[in-house]
Structure formats: C-alpha cells, structure tokens
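Notes for the structure review
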Amino acid sequence: MPKLTIAIDGPAGSGKSSVARRVAAVLSYLYLDSGAMYRALALKALRHGTSPDDERRLEALAKETHIELRPPTPEQVAAGANNRVFLDGDEVTQEIRTAEVAQAASRLATIAKVRQVLVAEQQRAGAGGGIVMEGRDIGTVVFPKAELKIFLDASPEVRAERRWKEHQEKGDRLTLPEVFDEVIERDKRDRERKVSPLVRAADAVLVDNTAMGIEETARLIVMLAREREKELAGAAGGKP
Ligand code: CDP
Ligand code: CDP
C-alpha cells in the first residue's frame, strides 16, 4: 500500500495530538506535533527574555535553535505525552506545556520569517510520506498536496474544558474561565494572523469531535486513510 501524508489541523484542544498519535500508531506511520516546535522556540525566547515583538531577534533565534522531536518512551505514552521534545539537546517535553508558553508560541507564530524556518524543518521531516503531522497550517502550507487532510474541531466550551482538565491533572491552579480565555485568545490570534492563518483547506474533511472520544475520532480518520490508500493503489495500477 502507498504511504500517505496525513495533515490534521484545527484549533487548540480539538484533539489533534491525541488523535494524530493514535492514527499514526494504527497505521505504523510517523507522527509529528508541529505545535511542539513553536512551543519549544517560545520557551527559549521566554528564557532569554526576548520580546515577542522583536521580529529580527526571533528570526535569528529560530535559525540558531535546534529542535528535535522523538517518539515518547512507554512511560511517557502512559502519561499522555505525544512527542518528546528536545531544545538544543535538553529535554523540554513537560516545560513547553504551560499556558504561558502556549501564548508566547502563538505570538511568535505570527512572524513570517520564524515560520519559514520551522516549516522547512517540518517539510524535511515529512518528505518521505507515511506521516501524520498536526498543527494549524499543515494542509494549507506545509503539505498542500497531502493525500488526506482533516480539519478537526470541537465547541470552544468543550475544548477549554479538555485543556482545563489537563491542567488540573498536573496540579496547575488555573480556573476554567482562565483556560477558556487563554484558548479563545490564542484561537483568535491564530485565525486572524496574516501569515498561514488557521483555516480549513478547501479539500480538508471537517471532523467535529465535540461529542466524540479519541478512539472513535481516530477510527474514523483511519478508515478515511485506508480508503485513500486503496484509491491511490488503484490509481497506480495495483489491486484495489
Ligand atoms: O492537540 P490539541 O490541542 O488539538 O488537543 P489534544 O492535546 O490532543 O487534546 C486535549 C485534551 O482533550 C487531551 O487531554 C485529550 O485527552 C482530550 N480529548 C478528549 O477528551 N476527547 C477528544 N475527542 C479529543 C481530545
Ligand atoms: O496543543 P494546542 O493545540 O493548544 O497548541 P499547539 O498545537 O501546541 O500550538 C501552539 C501554538 O503554536 C498555536 O496556538 C499556534 O499559534 C502555533 N502553531 C502554528 O502557528 N502552526 C502550527 N503548525 C502549529 C502551531
């Protein structure tokens, strides 16, 4: 069977990471969380005290930073981790999952030259196909020719509640209204920015998983992927 490039885009808390990881495991594909790259760079900028408005410094920072995503250990999978994230050689898998880092990531993600650096890395990582990559602009910019594109969505209330529960489990003291505001503010910035805004690609399948669990959502996407694999095998002259 041909190996597909699967792009999953959508707003914060829509289930991209959990669902994409599951789909990749079932299909034996690679999995890449592009948001983790924006978060890792944001963590470095925060540690350096770099202003989120200093575009030239952030571009230079993006160019001189080494971000690596690796598959999680079995213990990290059990704890819900998706990719292990290394920033200039040091593991920052946990450190990048704060609301502060999320906000900083969405601010530096508005800068075209920062995106260019990270998008080039993502394209290199996915060049061989057989990958599920998730983010905001995967189906529109990173892999516009992806054979399967999903736009994953859920109601803002459900997305905020999911994220709040994660914070609760980690012992973060954020209230549900605080998390709701963080998610809504970030979505608005991601949807309204000039470069690579969060938008559904014309050929993306809209999957609303407001009332669906991770398993059910992943099963639906695996089914769509298997159909696409068969179509492509048929088009290439193989048996359908
Ligand atoms: O990557 P994204 O921000 O889109 O979402 P996620 O990190 O995969 O999911 C956010 C939280 O919602 C996680 O704790 C998931 O377990 C949970 N979730 C859920 O309860 N039901 C779904 N259908 C999808 C995700
Ligand atoms: O997990 P969650 O959906 O909350 O966010 P994320 O996927 O980790 O992404 C963090 C931020 O990075 C987003 O709010 C976007 O501003 C940015 N991002 C982006 O601009 N393009 C991507 N392909 C992925 C993330």
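Now for a look at the structure at hand.

Cut-off values and rules
Residues numbered from 1 in each chain as written. Chains lettered and ligands numbered in written order. Predicted model: local features only at pLDDT ≥ 70, side-chain atom pairs only at ≥ 80, totals over all residues. Heavy atoms only, no water. Helix = DSSP H or I, 4+ residues; strand = E, 2+ residues; numbered from the N terminus. Expected span 1.5 Å × (residues − 1). Buried < 20%, exposed > 50% of the residue type's maximum accessible area, 1.4 Å probe, protein only. Polar contact = N/O pair within 3.5 Å; in protein donor to acceptor, adjacent residues only side chain to side chain. Near = heavy atom within 4 Å. Nonpolar A, V, L, I, M, F, W, Y, C, P; charged D, E, K, R; others polar. 1 Å grid on protein atoms, 1.4 Å probe; cavity = no way out; pocket = protein on both sides within 12 Å on 5 of 7 lines; lining within 4 Å. Points joined across faces, edges and corners; volume = space filled by probe spheres on them. Phe/Tyr/Trp six-rings, centres within 6.5 Å; stacked < 30°, edge-to-face > 60°. Lys NZ or Arg CZ within 6 Å of the ring centre and 35° of its normal. Contact = heavy atoms within 4.5 Å. Axes fitted to C-alpha atoms, helices over the stretch in contact; angles between N-to-C directions. Parallel < 35°, antiparallel > 145°, perpendicular 65-115°, else oblique. Pairing = 2+ DSSP bridges.

Quick word on helix α2 (residues 34–48)
Along its 15 residues, α2 runs 22 Å from first to last C-alpha, staying within 8% of the 21 Å computed at 1.5 Å per residue. For α2, a buried count of eleven out of 15 residues is recorded, marking the element as mostly surrounded by other parts of the structure. Buried within α2 are the following residues: Ser-34, Ala-36, Met-37, Tyr-38, Arg-39, Ala-40, Leu-41, Ala-42, Leu-43, Lys-44 and Ala-45. The residue sitting at the N-terminus of α2 and contributing the capping side-chain oxygen is Asp-33; that oxygen lies 3.1 Å from the backbone nitrogen of Gly-35. Two residues or fewer after α2 comes Gly-49, characterised by a positive phi angle close to 70 degrees.

What to know about the site of ligand 2
In the neighbourhood of ligand 2, 19 residues make up the surrounding shell, with Arg-39, Arg-115, Asp-137, Arg-163 and Asp-190 lying closest. Between an oxygen atom of ligand 2 and a side-chain N or O atom of Arg-136, the distance comes to 3.0 Å. Those elements giving two or more residues to the shell around ligand 2 turn out to be α2, α5 (99–108) and α9 (176–192). The element contributing the most residues to the shell around ligand 2 is α2, with four residues. In the shell around ligand 2, the residues fall into four nonpolar, five polar and ten charged.

Describing empty space enclosed by the protein
If you roll a probe as big as a water molecule over the atoms, it shows you where there is empty space left. Applying the stated criterion across every chain yields a total of one cavity of 30 Å³ or more. Space inside the largest cavity adds up to approximately 40 Å³. In this structure, the largest cavity is lined by Ala-7, Asp-9, Gly-139, Thr-140, Lys-149, Ile-150, Phe-151, Val-199, Arg-200, Ala-201 and Ala-204. Contributions of two or more residues to the lining of the largest cavity are made by β1 (5–9), α7 (138–142) and β7 (148–153).

A look at the packing of aromatic side chains
This structure, assessed with the given rule, holds zero aromatic pairs. Across the ring face of Phe-86, the terminal group of Arg-70 is positioned such that the distance to the ring centre comes to 3.7 Å.

Concerning the environment of Ala-62
Its location among the elements puts Ala-62 in helix α3 (residues 55–64). With a relative accessible area of 4%, Ala-62 lands in the buried category. Along the backbone, Ala-62 and Val-117 are 55 residues apart, and their C-alpha atoms lie at a distance of 6.6 Å. What Ala-62 contacts, discounting residues up to four positions off in sequence, is Leu-41, Val-114 and Val-117.

As for the packing of α3 against helix α6 (residues 112–125)
In the contact formed by α3 and α6, the axes pass within 8 Å of each other and the chain directions differ by 10 degrees. Here α3 is positioned roughly parallel relative to α6, judged by the angle of their axes. For the pair formed by α3 and α6, the contact residues are Leu-58, Glu-59, Ala-62 and Lys-63 on the first element and Lys-113, Val-114 and Val-117 on the second. Of the residues that constitute the contact of α3 with α6, the class distribution is four nonpolar, no polar and three charged.

Digging into the sheet that holds β1
Overall, parallel pairing links the five strands, which are arranged β2-β6-β1-β7-β8 in an open sheet. Whereas interior strands pair on both sides, the edge strands pair on one side only; in this sheet they are β2 (30–33) and β8 (205–208). Averaged over all pairs of adjacent strands, the angle between strand axes in this sheet comes to 20 degrees, irrespective of strand direction. Pairing geometry for β1 and β7, over four bridges, is parallel. Within β7, the residue paired with Ala-7 across the bridge is Lys-149. Relative to strand β6 (residues 131–135), helix α1 (residues 16–27) is tilted by about 175 degrees, and along the sheet it contacts β1, β2, β6 and β7.

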